[in-house]
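Commentary on secondary and tertiary structure
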Amino acid sequence: MNYRIFIFFALVFLTSCTSQKPVVRTTKKPTYTSRTASTTATKRTTVPSTTKSKSSESRETQVLEATTSLKVTTEVVLQYIDDFKDIAIDNMRQHGIPASITLAQGILESGAGLGSLSMRANNHFGIKCHKEWNGPSVRHDDDSEQECFRKYDHPSESYRDHSLFLTSRSRYSSLFSLPSTDYVAWAKGLKAAGYATDVKYPDKLISLIERYKLYQYDIASDSVKRSPNSVVSDKNSTAEYVVVKGDTLYSLSKKFNISVSDLKKKNNLSSDSLSVGQKIRVR
């Protein structure tokens, strides 16, 4: 009996020893599995990161600050360019201002159309009322609190007024001797002529033009007509203005700070009537 018991326990002991061997092997197996999982994880994190960078390009943001300070996405700026590039090109043909400059100023001054002034007044260039403005206006904080800014029914009117603003003031006349495709010279010239007080204004315009390739919308000088309402200085320091639709002697007197009677004397006018295309001496 004792012999059988001894044999039984001996068999149990041998069985328990052999059952421990797989346990040793399983401690090695996870080590191999762990390296494989690590490699797979690395691949999975690499692929999505590339996809994300492509899809996030249109969601990149930048701060636009002139008459407004806004953080806008690249997608918003590209949409603004698409909306107004044709208007800018048309204004370039009519008035000689590079489309790239007009678009860059519009993007910067209006916050790509999302700024308070552009939303409230369709004023995309931060043009203030000035003494000759008799149209609608809004108040907006800029260099001083609650300054008077022009209000328009549509942004296209703001674009047209921007061109008229530059072409009807003698201090900007030197710009029109620059090549129509030299956006760098135009950007620096605007600052030198006093368009903006921000010392970095030219750099901001140039950066926008180059980032969004706005120079592609500029037209060679031989395809650009000189603005019909440009102020042209001659050797005797006189200046001429070419009449456009809607002009009157009274509106010109306000625009150039000269009396109606003086305008009539300078131009030998016997009546107050004007015709489109007529040249008027304004000083």
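Residues numbered from 1 in each chain as written. Predicted model: local features only at pLDDT ≥ 70, side-chain atom pairs only at ≥ 80, totals over all residues. Heavy atoms only, no water.

What to know about the overall build of the protein
Counted only if it meets this: In this text, helices come from DSSP runs of H or I with a minimum length of four residues, and strands from runs of E with a minimum of two, each type numbered from the N-terminal end. For each residue, the accessible area found with a 1.4 Å probe, counting protein chains only, is set against the maximum for its type, and the residue is called buried under 20%, exposed over 50%, and partly exposed in between. Every residue pair with non-hydrogen atoms within 4.5 Å of one another is taken to be in contact. Note that accessible areas follow from Shrake-Rupley with a 1.4 Å probe, and for residues the cover is restricted to the protein chains shown.
Scanning the protein for helices and strands turns up 10 helices and 7 strands. Expressed as a percentage of its 283 residues, the buried residues of the protein come to 39%. Restricting to contacts in the protein with at least 6 residues of sequence separation, those with at least 24 account for 57%. Total accessible area on the protein is roughly 16800 Å²; 54% of this is exposed by carbon and sulfur atoms.

Here we look at the nonpolar core
For clarity, the cut-off: Nonpolar cores are built from buried Ala, Val, Leu, Ile, Met, Phe, Trp, Tyr and Cys residues. Side-chain atoms within 4.5 Å join them into one set.
Of all hydrophobic cores here, the largest spans 41 residues; its most connected members are Ile101, Tyr172, Leu190, Tyr195 and Leu214. Secondary-structure elements contributing two or more residues to this core are helix H3 (74-95), helix H4 (99-110), helix H6 (155-167), helix H7 (183-192) and helix H8 (201-211). Element by element, the count of residues in this core is highest for H3, at 7 residues. In contact with tyrosine 172, other than residues within four places in its own chain, are Phe165, Leu166, Leu190, Ala193, Gly194 and Tyr195.

Structural notes on the pattern of salt bridges
Our working rule: Criterion for a salt bridge: a side-chain nitrogen of Lys or Arg within 4 Å of a carboxyl oxygen of Asp or Glu.
With the rule as written, the count across this model stands at 5 salt bridges. Between lysine 128 and glutamate 147 there is a salt bridge, with the nearest N and O atoms lying 2.9 Å from each other. Taken as a pair, lysine 128 in the loop between helix H5 (116-121) and strand E3 (137-140) and glutamate 147 in strand E4 (residues 147-150) lie far apart in primary sequence, 19 residues in all. Of the charged contacts, one joins aspartate 198 and lysine 204 as a salt bridge, the two residues approaching to 2.6 Å between their closest N and O atoms. The class of aspartate 198 is partly exposed, set by a relative accessible area of 27%.

A few points about the packing of aromatic side chains
The condition is simple: To pair, rings of Phe, Tyr and Trp, with the six-membered ring standing in for Trp, must have centres within 6.5 Å; the planes then decide the type, stacked if under 30 degrees apart, edge-to-face if over 60, and tilted in the middle.
Evaluated as defined, the whole model comprises 10 aromatic pairs. For the pair phenylalanine 176 and tryptophan 186, a centre-to-centre distance of 5.4 Å together with 90° between the ring planes defines the contact as edge-to-face. Of the two residues, phenylalanine 176 sits in the loop between H6 and H7 while tryptophan 186 sits in helix H7, which places them 10 residues apart along the sequence. Residue phenylalanine 176 shares its accessibility class with tryptophan 186, and that shared class is buried. Connected via pairs of aromatic rings, a cluster forms that spans Tyr80, Phe84, Phe125 and Tyr159.

Here we look at the packing of H4 against H8
Defined as follows: An axis is simply a line fitted to the C-alpha atoms; with a helix, the fit covers only the stretch in contact. Between two such axes, the angle follows the N-to-C directions and lies from 0 to 180 degrees. Roughly parallel here means an angle under 35 degrees, roughly antiparallel means over 145, roughly perpendicular means 65 to 115, and every remaining angle is called oblique. Three categories are distinguished: nonpolar for Ala, Val, Leu, Ile, Met, Phe, Trp, Tyr, Cys and Pro, charged for Asp, Glu, Lys and Arg, and polar for the others, with Gly belonging to the last.
Running from N to C, H4 and H8 point in directions that differ by 110°, and their axes come no closer than 9 Å. Between H4 and H8, the crossing angle belongs to the class labelled roughly perpendicular. Side by side, H4 and H8 meet where Ser100, Ile101, Ala104, Gln105, Ile107, Leu108 and Glu109 of the first sit next to Tyr201, Lys204, Leu205, Leu208 and Ile209 of the second. Residues belonging to the contact of H4 with H8 are distributed by class as follows: 8 nonpolar, 2 polar and 2 charged.

Side note on unusual backbone geometry
Among all residues save glycine, negative phi is the norm, and among peptide bonds the norm is trans. The phi torsion at glutamine 146 lies on the positive side, around 50°, for a residue other than glycine. Along the chain, glutamine 146 falls in the loop between E3 and E4. By relative accessible area, which is 45% here, glutamine 146 ends up partly exposed. Although it is not a glycine, asparagine 268 adopts a positive phi angle of roughly 55°. Note on placement: asparagine 268 falls in the loop between helix H10 (260-266) and strand E7 (279-281).

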